[in-house]
Each structure stands twice: as C-alpha cells, then as structure tokens.
Amino acid sequence: TVQQVYHASVPIPTASTVKFEYTAEAASHNSALLESVDFDLAKLIESNPGTTISYGSELRPWDQLFPLLRHHDDWNSFEEDLMNGIDYPFKEEVDEAERKRMLEANIARGNHKSALNPEDRHHVTKLMRSDVDLGYAIPVTIDCVRNLKEAEVYPIGLQSQLTIDAEGNVIPKKRATHDLSHNRTTGESVNQRVDMSEMPPAKYGHALSRFIHLIHHIRRRHPGKRILCNKFDIEKAYRRLHTRARIAAKCVAIWFFDDMWKGTAEESNQVGLILTRLPFGAAPAPPKFCTTSEIVFDLANDLLECDQWEPDKLPSPHAALLPPIERLAEDIPFGIAEEADVGLPDQCMGGVDGYIDDGACAVLDTDETKSMVARAAQAVVMALFLVFRPLAKGLEAIQRPDIASIRKMHAEGGLAEIVIFLGWLIDTRRLLIALPKDKWKVWSEQIKQCIASDSLPCKTIQTLVGRLNHVCYIIPDARHFMNELRAAEKAAQASDKFVSLTGRAKDDLRLWLDFLHSATEGISLNRIVFRKPTLHSYSDASEWGIGGFSPHTGVGWRYEFTESQHKTFTLNCKEFIAVVVDSTIQAKFDTSGCPYPCHLHWSDSSCTVGWLRKSNFEPNEQPVHDEVARFHARQMMEINACNYSQHLPGRENVITDCFSRDFHLSDDQLVTMLTSLDSSLCPSMIKIVPVPDEIICWISKLEQL
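I will try to describe carefully the structure that is included in this document. It should be emphasised that the depicted structure is a prediction, and the values quoted were computed from it without experimental measurement.

Some points on the sheet that holds strand E15 (residues 555-560)
Sheets are built from strands that pair by backbone hydrogen bonding, the pairs being arranged parallel or antiparallel.
Part 1 of the argument: What the six strands build is an open sheet, ordered E17-E16-E13-E14-E15-E18; its pairing is mixed. With one partner strand each, in any of the chains shown, strand E17 (642-647) and strand E18 (687-688) form the two edges of the open sheet.
Part 2 of the argument: Pairing of strand E14 (residues 545-549) with E15, which is carried by five bridges, proceeds in the antiparallel orientation. Of the residues in E15, the one forming a bridge with Gly547 is Arg558.

Topic: the environment of Ala32
Part 1 of the argument: In this fold, Ala32 is placed in helix H2 (residues 24-36).
Part 2 of the argument: Relative accessible area serves as the criterion here: at 43%, Ala32 is assigned to the partly exposed category.
Part 3 of the argument: Spatially, the C-alpha atom of Ala32 lies 9.6 Å from that of Thr141, the residues being 109 residues apart in sequence.

Regarding the side chain of Asp365
Part 1 of the argument: Examined against the element boundaries, Asp365 turns out to sit in strand E8 (residues 358-365).
Part 2 of the argument: Of note is the side chain of Asp365, whose polar atom sits 2.7 Å from the side chain of Arg327.
Part 3 of the argument: Not counting residues within four places of it along the chain, the set of residues in contact with Asp365 comprises Arg226, Leu228, Arg327 and Val373.

Topic: the packing of helix H16 (residues 437-452) against helix H17 (residues 458-471)
Part 1 of the argument: For the pair H16 and H17, the least separation of the axes is 11 Å and the interaxial angle reads 135°. Relative to H17, the element H16 lies oblique. Regarding H16 and H17, the two cross each other, and that crossing is left-handed. Along its contact with H16, which presents Lys439, Val442, Trp443, Gln446, Ile447 and Cys450, the element H17 presents Thr460, Thr463, Leu464, Arg467, Leu468, His470 and Val471.
Part 2 of the argument: Residues belonging to the contact of H16 with H17 are distributed by class as follows: seven nonpolar, four polar and two charged.

Brief notes about the sheet that holds strand E7 (residues 350-355)
Part 1 of the argument: With respect to topology, three strands assemble into an open sheet ordered E4-E8-E7, the strand pairing being antiparallel. Both edges of this open sheet fall to strand E4 (226-233) and E7, since each of them pairs with a single strand only. Between one strand and the next, the sheet's axes are offset by a mean angle of 15°, whatever the strand orientation.
Part 2 of the argument: Here E4 runs beside E8; their pairing, made up of eight bridges, is antiparallel. Within the sheet, the bridge partner assigned to Lys231 lies in E8 and is Ala360.
Part 3 of the argument: Packed on one face of the sheet, helix H13 (residues 285-305) meets E7 and E8 and runs near 170° to E7.

Side note on the pairing of E7
Part 1 of the argument: The buried fraction of E7 is high, at six of six residues.
Part 2 of the argument: Burial along E7 is two-sided: the face carrying Gly350, Val352 and Gly354 and the face carrying Gly351, Asp353 and Tyr355 are both buried.
Part 3 of the argument: Pairing of E7 with E8, which is carried by six bridges, proceeds in the antiparallel orientation. Bridge pairing links Gly354 to Gly359 in E8.

Here's the deal with a nonpolar patch on the surface
Part 1 of the argument: On the surface, a cluster of nonpolar side chains totalling about 270 Å² of accessible area is made up of Trp62, Phe66 and Met83.
Part 2 of the argument: Here Trp62 lies in helix H4 (residues 62-69).

Observations concerning helix H6 (residues 96-109)
Part 1 of the argument: The first and last C-alpha atoms of H6 sit 20 Å apart over 14 residues, in line with the 20 Å expected at 1.5 Å per residue.
Part 2 of the argument: By the burial criterion, the buried members of H6 are Glu98, Arg99, Met102, Leu103, Asn106 and Ile107. Angularly, the buried residues of H6 cover 165° about the axis, an arc narrow enough to put them on a single face. Opposite the buried face of H6, at more than 90 degrees from it, the exposed residues are Ala97 and Ala108.
Part 3 of the argument: Note on H6: the residue one or two positions beyond its end, Gly110, has a positive phi of about 85°.

A word on the packing of helix H23 (residues 623-638) against helix H26 (residues 693-704)
When two helices pack together, their arrangement is captured by the angle between the axes and the distance separating the axes.
Part 1 of the argument: Where H23 meets H26, the closest approach of the two axes is 10 Å, and the angle between their N-to-C directions is 150°. When the interaxial angle is binned, H23 and H26 end up roughly antiparallel. Residue-level contacts link Val624, Glu627, Val628 and Phe631 of H23 to Ile695, Trp698 and Leu702 of H26.
Part 2 of the argument: Looking at the contact of H23 with H26, its residues break down into six nonpolar, no polar and one charged.

Notes on the packing of aromatic side chains
Part 1 of the argument: Applying the stated rule across the entire model yields 20 aromatic pairs.
Part 2 of the argument: Considering the side-chain rings of Tyr559 and Phe561, the 5.8 Å spacing of their centres and the 85° angle between planes classify their relative orientation as edge-to-face. With respect to class, Tyr559 is no different from Phe561; both count as buried.
Part 3 of the argument: For the ring pair Phe631 and Trp698, a centre distance of 4.1 Å and an interplane angle of 20° mean the geometry is stacked. Here Phe631 is found in helix H23, whereas its partner Trp698 is found in helix H26, with 67 residues between them in sequence.

About the cut-offs
- Residues numbered from 1 in each chain as written.
- Predicted model: local features only at pLDDT ≥ 70, side-chain atom pairs only at ≥ 80, totals over all residues.
- Heavy atoms only, no water.
- Pairing = 2+ DSSP bridges.
- Helix = DSSP H or I, 4+ residues; strand = E, 2+ residues; numbered from the N terminus.
- Buried < 20%, exposed > 50% of the residue type's maximum accessible area, 1.4 Å probe, protein only.
- Polar contact = N/O pair within 3.5 Å; in protein donor to acceptor, adjacent residues only side chain to side chain.
- Contact = heavy atoms within 4.5 Å.
- Axes fitted to C-alpha atoms, helices over the stretch in contact; angles between N-to-C directions.
- Parallel < 35°, antiparallel > 145°, perpendicular 65-115°, else oblique.
- Left-handed = near helix turned anticlockwise from the far one by under 90°.
- Nonpolar A, V, L, I, M, F, W, Y, C, P; charged D, E, K, R; others polar.
- Patch = residues over 30% accessible without salt bridge, like charges linked within 9 Å, V, L, I, M, F, W, Y side chains within 5 Å.
- Areas by Shrake-Rupley, 256 points an atom, 1.4 Å probe, with all protein chains shown as cover.
- Salt bridge = Lys/Arg side-chain N within 4 Å of Asp/Glu carboxyl O.
- Expected span 1.5 Å × (residues − 1).
- Arc of directions from axis to C-beta.
- Phe/Tyr/Trp six-rings, centres within 6.5 Å; stacked < 30°, edge-to-face > 60°.

In structure tokens:
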C-alpha cells in the first residue's frame, strides 16, 4: 500500500474564482462573488470544486488515503474532516439579533492593543498578507462581512515567540492570534460555546511523557548504547486543514490595507479576512489538528517498524535535505536508567511520538539496528509525504509551502543524541532533560524584573505562572512553590488590573531562580518517569502523636505531641506532618545506594495522599499545610528523589498505628508487643530511633504559624 500511494499521481487543485490578493480590488471582487450566492460561503465553496478552497485540498485524495489509513482508530473522524471540513460542536447558537449586535460591537471595538502598537503593526500586516497570499484567508469588504451568513468578528492579537533558523540559532518571531474567546464574560464567544467534551483530548504532557519513557526504556534494556533522535515540524500546521463554511464565517478578522495610518482608522482602509483554515486561538484547533497529526505519527511509527521498507530504494522526497548523523564523543558517559514501574515490550528499540505540529523519533543505535536507524532518519517526513498532498512546485495554482518545515529540518532533522522536543532539550547520552539556555535566560530575566517591580499587570503574572508551571513538569516538587504566585494571578484576574506580590511570593521567585538553574543544567529522566519504588514507608497519626516505619530500612520512630500541639493541628494536618517526617527520617537510613531514590509513602489519610502529589493551599488560610508541603519538596529535591503516595485502609496500618498511639509503652515493650502480634516479625527487624532535634524544632515552629 505504501508503494502504491508513494507512486500514485495526485491531482493538483486548480485556481478558484476567489482572488487571493491583499488589495481593495480583490476584496471588492470576492465580495461580489459572495453577493451572487446570497453571501453564503458554503455555496461559494461548492461552486468551486477541485480548487484550492475545496475541503481537503492540502491532503491526498480519499482513494489514496483510505487503503493506507482505514484501520486507524481516528479514521472516521479524519475522513469527515477531509471530506466536509472541520466542524465545531456548539452547545448552543446565539440568536440572529444577538449575533448581529455582537458583530457590530466587535467591528467598532477593533483589535487588541498588542496588535495595534505602532512598532508592531507592520508585523500584523505581514502576517495577514501572508494568510491571504497562501490562500488561507479570503479578503472581503467590511460591508460584505456585515452581510455574510452567520458572520462573527473577533479581535486580532500579536504574540512574541522564539524559533530557530536553519543553523539552529534562536531567533524571535511574531504570531498573530485570533481571540475567539472575546466576549468570554457573557459566554457568547466561539470558544465559550464549543462543547469541548465532544472533542478528542489533546494533552501536551502525555506526548512528552511517552517519548521520555521510550528513551528511558531503550537505555534500560540496552545500557551503554547510543540512542539517536530527530524532530520535524509541520509547516503552517493549522492552516493545512479547512474548517467548514459555517465555522469559517464565525472566524472573521478585520485588519488594514495600509499599516501606516494616522489617527482614527477608517472602514475604507479596512479589510475583512474570512479565515477558511484552523485559526490560532480556537479552543478546538489543537484537538482537531491532533486527529490528523497523530495519524501521521502513528504511520511513521509503523514505517519505523516495517522491515520491508528500505529507504535507499524508496526514499522520502526530503531525504537529500536531511543533515548527517551526529554522535557525541566516546568519552562522554552514558546515563544509567533505573528500573521503571511501567514498561514497553522488550523488543522495542525505537518509536515515534508527537504533539500537534512536532513529531520526533528515537532509535537504538547499534550495528544490529542499522536498518532501523536508516528508517528512523526518514520515517516522519515519509509519513507526511504519504498523508499530505505533495508539493507541485511551479504547478500549484497558488503559492504553497512544503508540508515539512525545511528551515527547521536543516537544524533539527538529522539524527543526533541531543534533541529539542516540545520545548525541552533531551540528552539521550547522559539521560537528561533540560530547559534550553535561551528560555532560561528570558525566563530568569522576567523573574528578576518581577522581584524588582512594585506591581505587575495581569498578563505578566499569567505568563510567568504559565512558564513556571512548564518547569514543574521536570521538577514536580516545585509545584509546592507556586501557591503564592497562583494567589497573585487569581487576584489579578479578579480585578483585571495590577497586582502587588507579597514578600513571600518574591522569596519564592528567588528560589525559582535556583530551580530554573537546575532545570537548565539538566534533570535526570529517572526523576520523571514512573519508577519502581526503592523505598516503601508507612506513617500514621492520632490525636496525641505521629509515627512511621519502613520495612526496607527496618527503622521506626514516634513522636508525642505537646498539649498545645495536640490542640493546634487538625488530624489531617497531623497525618500530613507524619508522612513528611517519616520521609525525612527514612531517607537518612536508606541503604539502597540508588542515586535517584524513589519513595512510596503509604498513609490511611486520603487527604495526605493527595497533598503529597500536589498542594494548592491558600498560604494565608492554611499556612501550616503550605509549609509542610514546601518542607517536603525541599527534602525530595535535595536527595534527587521522586516520590509517590498510596492510600491503604486504616485497619492494615497496624505497626504505625501503634507507633502513633502507644506512648505508655517503652520502645522495647512496643517492639515485643508487635512481634508477638505478627509471627513474621522478629525484634531485629524493627529498630526504633529518636526523632532528630531539628525535626522537633521544625514541628514547634509549625505550631506558631
């Protein structure tokens, strides 16, 4: 089937009657076309079959894709989008009178300030012109927008981002966004009306996690062996998929022919842009594009595993553009993969994964896998070639870029032991994941500016929280140091104005500078993958005390609260303190020798089990809980540990139940009682140690909060 599709001729869409020119003349021409079909975009598209405005014109024809992809789980959804354009499932529609009111209000309001800044207007004009020149947006007059069936207008914004050039150098870029959440307070915007429960899930973290687990698995099964990776970007990803006419009509933007206007902009200088492709800013865009991209990446994975495919005999058209393999120096040590708690098949030596427009491949690099390495070099770009319509170069009816980003292919498309995937640098030799230096520099500078500022605008604090939450993926315990910042974000959103950071929030930001430094130096994948625990421990609390025990270390401990502590802490808070104290004590007696220990904490408190994973305490209302969570996070980071928590019924927590209650017994009496109750225990298996003075002092300080 692959060979048949590879050699099949693909019809080239012809030019439509629509003029894709960024001019007033083209806008008038297109408006006349729409007027002739009663301003119904669906009728205009239907009257131009087999053209660039036809649904699916960026993909291969159905008769080629069906035999290749019909067994994929997402085929039916993909087929529907291919044949009829992407539709959004709306919970409800606004009535016609309200739609017209919204339309006029948004035309009068104009675009966001980020797009209207004098120094940035030319960027927006360039991006709008590009959308028109490439056939993604139909220019029309403002009067046509008013008459267009089901039309809605939403403001344009401008975002600053970073990208890379062909040499891999980081360069700034601008991206125009379409704010389809405008009117969010009334719930009438496109994004608020879409029923996202009807959309397939699209979760960034899952793709990155799968890829990291793949690399970790290969190293675990093949220690001391190279793992090569490459990454490819889909060029103009969202713009490759058509939306249904009724959706395109709801995604109209308004901009200007001349970006050098002075004073008040006039309608005579404005142009309506009907975006007929997936827009940046639509809530359904990521999951809908993922339906297509996941089919591509799954096909690439099949190609990687297919021994019958010989790339030298059936190469991707991009093969000659791929950089050569880059291997690190022999003297660089190989990172060791500790035992994971989830596994892939032992025979798995490579794989492909991706998210939206980023696809990456990882493969074991040995003499025995040479043929697989050759397939890995081209698997993703070959899959793109087989699904999307090949570039017809000079025969295209309208300017059209290659489906694979050639610029990024030159920089990242070659197999290497270091790859940047989904914003993270992954070093497969050392088995590290790191924040790229350019992001570390920009994000650290933003933190320093926030510390120095008396107040921050809502957008700044939102951006900061988003960036730091990104880092929490590779430093999970850092989540416990986000509460003050999230409280500030919440306050800023409530007032939609400036917010002042508390002294504690600024202290957290100073700590975050250290976290970012650790992130850019690299975090072991062993701390991120789902690990098999190297140490199990149990804890419990009663009204009068706490205690813990680990069968791995044989160490038990207990602490009796003072009268005031007994009254100060709630029972759930005592359970939380108990598990954190237990973790600290057991770490000191851990003899596993693992450089990246993995602790599994058992507790009969479901609240404690949840708090260990993620805390969202309000610092002013729950200061003790917040401090306990932060103390535990610091302890785990200091010993390079990952930690999990698990609930067990109270009736099964016998040993620690005694440790937290039976203070009338001496240590020896307690051990004697426990060994007499359980024949599997002997006195040598339980060693009760005193709680360190520094922990007792810390508990006393908690009482004062």
